[in-house]
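Structural characterization, general
Below are the chains, spelled out letter by letter.
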Amino acid sequence: MERRDAADPLRACRDAFDLPPGEIYLDGNSLGALPHAAVARVAATVRDEWGKGLIRSWNTADWIGAPARLGGKIARIIGAAPHEVQVADSTSVNLYKLLVAAVQAQPGRRVILSEPGNFPTDLYVAQGVAATLPDCELRTVSRDEIVDAIDESVAVVMLTHVHYQSGARFDMDDITRAAQAKGALMLWDLSHSVGAVPVDLNAANADLAVGCGYKYLNGGPGAPAFLYVAERHQAALRSPLSGWMGHAAPFDFTDDYAPGQGIARFLCGTPPILGMAALEEGVDLFLAVDRPALFAKGQALCSTFIELVETRCTGLGLTLATPRDPAARGSHVSLRHASAWPVMQALIARGVIGDFRAPDALRFGFTPLYTAHADVWHAVEALRDILASGSWDQPAFHVRAAVT
Ligand SMILES: *Cc1c(COP(=O)(O)O)cnc(C)c1O
């Protein structure tokens, strides 16, 4: 593993991050690590732009341009045109805006189609949309039945490209084509894909997408999220959250709402500038690297992890929940274990940080910007030792926390 790291042209990327020494961080798919540049940038934004520039900074520091500027940068990572992406709100709120817009744009089609076990907020938001719009309904069918379940009643198919728990990845081209063949719109949630696997929304002809800023993009806790609306739909779709930042002329201060041009109409309120400042530094790191090489490294880290677990942890009660085929998964791996919660707490106490996902998954994210091959080795050895010795079975490790 050390030889692989020495030969890794991307190994210097790790130096861009402030990682706690002595720990192995395998949870960048849940909260990305802190880029050094974000510390300096947020400090400067607070001290100079806020402190000294005050209200002038909306123009002089281009705060007002941040949603479009960051959107344009993220567009390069997800295969979209710059004017098709905006950074705004949270993933949940962006889902709400796009789902309502998609259903309202297609009278006669009232179904939002998704899969059971999708990330909870996606289903909860869709349930809220269904409860709000007349006759609207959320229908869920298992992932291998999705294509067959798309019919003329479906307004929008909403799927998470890389599943948050299993890591299974949908074929974006195939499913998008199947949705559009039946006249439905396709909405992809890219939260576990952006910065983790290659994504090309334009090549897939995707209609709509949302994604998260604080996972692989390293934007910081609660970082703003992004949304994508294909250019061909921008004029027809209307955001239900018709706030002033999405107005055609916010600073005319008129009484009546008129949607802005293009993607700007999907903004709602004032952009969170401190969060945007941190996120921009995280995104800039991706723009500077060879992304195909980066994604290939992520796949290699995942494959190595699976191979080591299967050779060194046999008979210790672990089952692989993630596809073995790199093309069919994201950049994280889940293992099922009957005592997954206390096992993960024991690992964390040893400095190997992954997470637990109910009911029984140990989840490990491999973020190629800052994870080394040697980290994978040490993580598997720690897991093996904890399981083989039974050291996870202590009262302290059984105590549940609010956030898992
Ligand atoms: C992380 C994640 C979200 C996060 O939504 P928030 O509004 O930021 O809490 C949404 N969808 C998926 C699939 C995710 O993985």
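Residues numbered from 1 in each chain as written. Predicted model: local features only at pLDDT ≥ 70, side-chain atom pairs only at ≥ 80, totals over all residues. Heavy atoms only, no water.

The chain is annotated in an unreviewed UniProt entry as Kynureninase of Sphingomonas alpina. Per UniProt, the chain has the following entry under Function (unreviewed entry): "Catalyzes the cleavage of L-kynurenine (L-Kyn) and L-3-hydroxykynurenine (L-3OHKyn) into anthranilic acid (AA) and 3-hydroxyanthranilic acid (3-OHAA), respectively." Recorded under Cofactor (unreviewed entry), the UniProt text for the chain is reproduced unchanged: "pyridoxal 5'-phosphate". (UniProt positions renumbered as here; feature names shortened; annotations may be inferred.)

A few words on the layout of surface pockets. Quantified by volume, the largest pocket comes out at close to 440 Å³. Lining of the largest pocket is provided by 31 residues; of these, Ser-30, Tyr-214, Lys-215, Arg-357 and Arg-363 occupy positions nearest its centre. Counting only elements with at least two residues in the lining of the largest pocket, the list comes to helix H5 (91–104), helix H6 (120–132), helix H13 (340–349) and strand E12 (355–357). With four residues, H13 is the largest single contributor of residues to the lining of the largest pocket. Tallied by class, the residues present in the lining of the largest pocket amount to 11 nonpolar, 13 polar and seven charged. Each of domain 1 (2–30 + 290–398) and domain 2 (39–287) contributes no fewer than three residues to the lining of the largest pocket. Approximately 200 Å³ is the volume found for the second largest pocket. Here the lining of the second largest pocket is composed, by residue class, of 11 nonpolar, four polar and two charged. No fewer than three residues from each of domain 1 (2–30 + 290–398) and domain 2 (39–287) sit in the lining of the second largest pocket. (1 Å grid on protein atoms, 1.4 Å probe; cavity = no way out; pocket = protein on both sides within 12 Å on 5 of 7 lines; lining within 4 Å. Points joined across faces, edges and corners; volume = space filled by probe spheres on them. Helix = DSSP H or I, 4+ residues; strand = E, 2+ residues; numbered from the N terminus. Nonpolar A, V, L, I, M, F, W, Y, C, P; charged D, E, K, R; others polar. Domains from an automatic or database assignment.)

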